[in-house]
Amino acid sequence: MADNSLTEKSPSVSTTAMRRILPVDMVERGRNPFDPPPGLRGEGAVRPLDLLNGARAWLVTGFEEARTVLSDARFSADKVRHRDATSLQPHEVAEMDAAEPLKAEVAEREDGLFVFMDPPEHTRLRRLLTGQFTVRRMRELESRVREIAVEHIEAMKAAGTEADLVSAFALPLPSLVICELLGVDYADRAEFQERTAVGLSANSTPEELARARAGLYAFMRRLVAGKRSNPADDLLSGLIHDVESPLTDAQLVDVALVLLNAGHETTANMLGLGTFALLEHPDQLAVLRADPGLIDNTVEELLRFLSIIQLGVSRVTTEPVTVGGVDIPAGTTVVIATPEVNRDARHWPAPDVLDLRRSRTPHLAFGHGVHQCLGQQLARIEMRIGLGELISRLPDLRLAVPAAQVPVRNEMLIFGVHSLPVTWS
């Protein structure tokens, strides 16, 4: 992500800032852009991680160990009450007393950043949101995903025989789906897409990013106000008018922005990078073309194989804990290395091989435990339909440049490609 800061009052959720305190070999992939960064590969499923801000954290690269961290209540996601080392400045690290981990005294959270909450605050917000991700709504969104995907592919074909798949397809598809989910009026969708595009562009200046964030926050405030006075059949309206325990406008804006950040950029990068991976593994692409029924397996294998969320998931221990035979003190930050976790040779045979016929086995691309991705069903729908329509409607889709010239997002914690020049006959 270019920057995931949601509001001035939010905990540090900027993955750009976090990127700056991580050793380069922990986030930058090598010559093969589909493999985990080389620094993640090493001895031990749980091992020390020295951050560039002077703090020491613990890195988890084992599958079962990661499941433990993500499901154990002693590992806190609350970045307001607990000091996460990945969000500290060097002077803050120097001031910390290791014997007395700093802990903010907060009586009650008044924001809506549920991804950075623990039960019971997280439980309340999560339950309200789960009630809005109904089977009926997902079925209706599936129909719209197909319409949007087909519309953009046909527009690419009508414009010629070359395109940047990221800007022409991978970015607008999830953006428009989020518009459907939140109930953004058609007249406002151009503004919504423009502001989100600026926030995700590698070419945006800090000033442009700040304006885009402020504009997007103001946009969401107007959207929430509109849903209060004129409700419709969308998620925000449901959170306002169909729940017993209503949220404040500020909480609703936070929730909307979390859903935008979690559901837009991740899916866009999986569509772009997933297509790149298939084009660079022609034997596997041929398997899928010969048997389109493998599309669900393809989505799961790409999610496992690519694991684009690199080191963006962290927790803080609330008491001493032992994981994988390693004793971790209270107040310690633990970072999940999802790309390496999903390549754990103890869990998968030949984990570094992309195999679309691989037996379906649980992976951690969507997390685990109470914070497991709320929109994972929708993300799967977008990937299944998006990739399926691309392959069927552009049967000779191929790269328009050598693979080495495809610009990858090595400077970001959410991996992908900045652009993907493709061509077809």
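Residues numbered from 1 in each chain as written. Predicted model: local features only at pLDDT ≥ 70, side-chain atom pairs only at ≥ 80, totals over all residues. Heavy atoms only, no water.

### A short note on the sheet that holds strand E5 (residues 313–317)
By way of backbone hydrogen bonds, the strands of a sheet pair with one another, either parallel or antiparallel.
Here is step 1 of the chain: Taken in spatial order, the five strands make up an open sheet running E1-E2-E8-E5-E3, and their pairing is mixed. Both edges of this open sheet fall to strand E1 (46–50) and strand E3 (75–76), since each of them pairs with a single strand only.
Here is step 2 of the chain: Where E3 and E5 come together, two bridges link them in antiparallel fashion. Across the sheet, residue serine 76 finds its bridge partner in E5, namely valine 316.
Here is step 3 of the chain: Sheet strands touched by helix H3 (residues 63–71): E1, strand E2 (56–60), E3, E5 and strand E8 (333–336). Its angle to E8, the strand with the most contacts, is close to 125 degrees. (Pairing = 2+ DSSP bridges. Helix = DSSP H or I, 4+ residues; strand = E, 2+ residues; numbered from the N terminus. Contact = heavy atoms within 4.5 Å. Axes fitted to C-alpha atoms, helices over the stretch in contact; angles between N-to-C directions.)

### With respect to the side chain of asparagine 297
Here is step 1 of the chain: Within the fold, asparagine 297 resides in helix H14 (residues 295–306).
Here is step 2 of the chain: Residue asparagine 297 is classed as buried on the basis of its relative accessible area, which comes to 16%.
Here is step 3 of the chain: When neighbours within four sequence positions are excluded, asparagine 297 is seen to be in contact with Leu356, Arg357, Arg358 and Arg360. (Buried < 20%, exposed > 50% of the residue type's maximum accessible area, 1.4 Å probe, protein only.)

### Description of the confidence of the model for the protein
Here is step 1 of the chain: Of the residues in the protein, 92% have a pLDDT of 70 or more, and the chain-wide mean is 89.
Here is step 2 of the chain: Note on residues 1–14: pLDDT is under 50 here. Beyond four places in sequence and across chains, it has 44 contacts. (pLDDT = per-residue confidence, 0-100.)

### A word on the side chain of threonine 423
Here is step 1 of the chain: With respect to the helices and strands, the residue threonine 423 is situated in strand E10 (residues 421–423).
Here is step 2 of the chain: Given the relative accessible area of 11%, threonine 423 is considered buried.
Here is step 3 of the chain: Residue contacts for threonine 423: discarding those within four places in its chain leaves Thr161, Glu162, Asp396, Leu397, Arg398, Leu399 and Ala400.

### Some remarks on H3
Residues three or four positions apart in an α-helix share a direction because the helix packs 3.6 residues into each turn.
Here is step 1 of the chain: Taken residue by residue, H3 has Phe63, Glu65, Ala66, Val69 and Leu70 as its buried positions. In an axial view of H3, the angular spread of the buried residues amounts to 160 degrees, which keeps them on one side of the axis. (Arc of directions from axis to C-beta.)

### Section: the pattern of salt bridges
Once their charged atoms are close, side chains differing in charge can pair, the charge on each being opposite to the other.
Here is step 1 of the chain: Per the stated rule, a full pass over the model turns up 35 salt bridges.
Here is step 2 of the chain: Linking glutamate 92 and arginine 83 is a salt bridge whose minimum nitrogen-to-oxygen distance equals 3.3 Å.
Here is step 3 of the chain: Glutamate 140 serves as the salt-bridge partner of arginine 136, at 3.1 Å between the closest nitrogen and oxygen. Taken together, the positions of arginine 136 and glutamate 140, both in helix H6 (residues 135–159) and four residues apart, correspond to about one turn of that helix.
Here is step 4 of the chain: When salt bridges that share partners are traced, they join Asp35, Arg41, Glu340, Arg343 and Asp352 into one network. (Salt bridge = Lys/Arg side-chain N within 4 Å of Asp/Glu carboxyl O.)

### As for the packing of aromatic side chains
Think of a pair of aromatic rings as described by two things: how far the centres are apart, and how the planes are tilted against each other in angle.
Here is step 1 of the chain: Summed over the entire model, instances satisfying the criterion amount to two aromatic pairs.
Here is step 2 of the chain: When the centroid spacing of 5.0 Å and the interplanar angle of 65 degrees are considered together, the rings of phenylalanine 34 and phenylalanine 276 count as edge-to-face. Separated by 242 residues along the polypeptide, phenylalanine 34 in the loop between helix H2 (24–27) and E1 and phenylalanine 276 in helix H12 (residues 249–279) bring together distant segments of the chain. Each member of the pair, phenylalanine 34 as well as phenylalanine 276, carries the same accessibility label: buried.
Here is step 3 of the chain: Measuring from centroid to centroid gives 5.2 Å for phenylalanine 63 and tryptophan 348, while their planes differ by 80 degrees, and the two rings are edge-to-face. With a gap of 285 residues between them, phenylalanine 63 in helix H3 and tryptophan 348 in the loop between helix H15 (338–341) and helix H16 (376–393) connect regions that are remote in the sequence. Taken individually, phenylalanine 63 and tryptophan 348 each receive the classification buried, so the pair is uniform in this respect.
Here is step 4 of the chain: Taking the ring centre of phenylalanine 415 as reference, the NZ or CZ of arginine 29 above it sits at 4.2 Å.
Here is step 5 of the chain: In this arrangement the basic side chain of arginine 304 is found over the ring face of tryptophan 348, its NZ or CZ atom lying 5.6 Å from the centre. (Phe/Tyr/Trp six-rings, centres within 6.5 Å; stacked < 30°, edge-to-face > 60°. Lys NZ or Arg CZ within 6 Å of the ring centre and 35° of its normal.)

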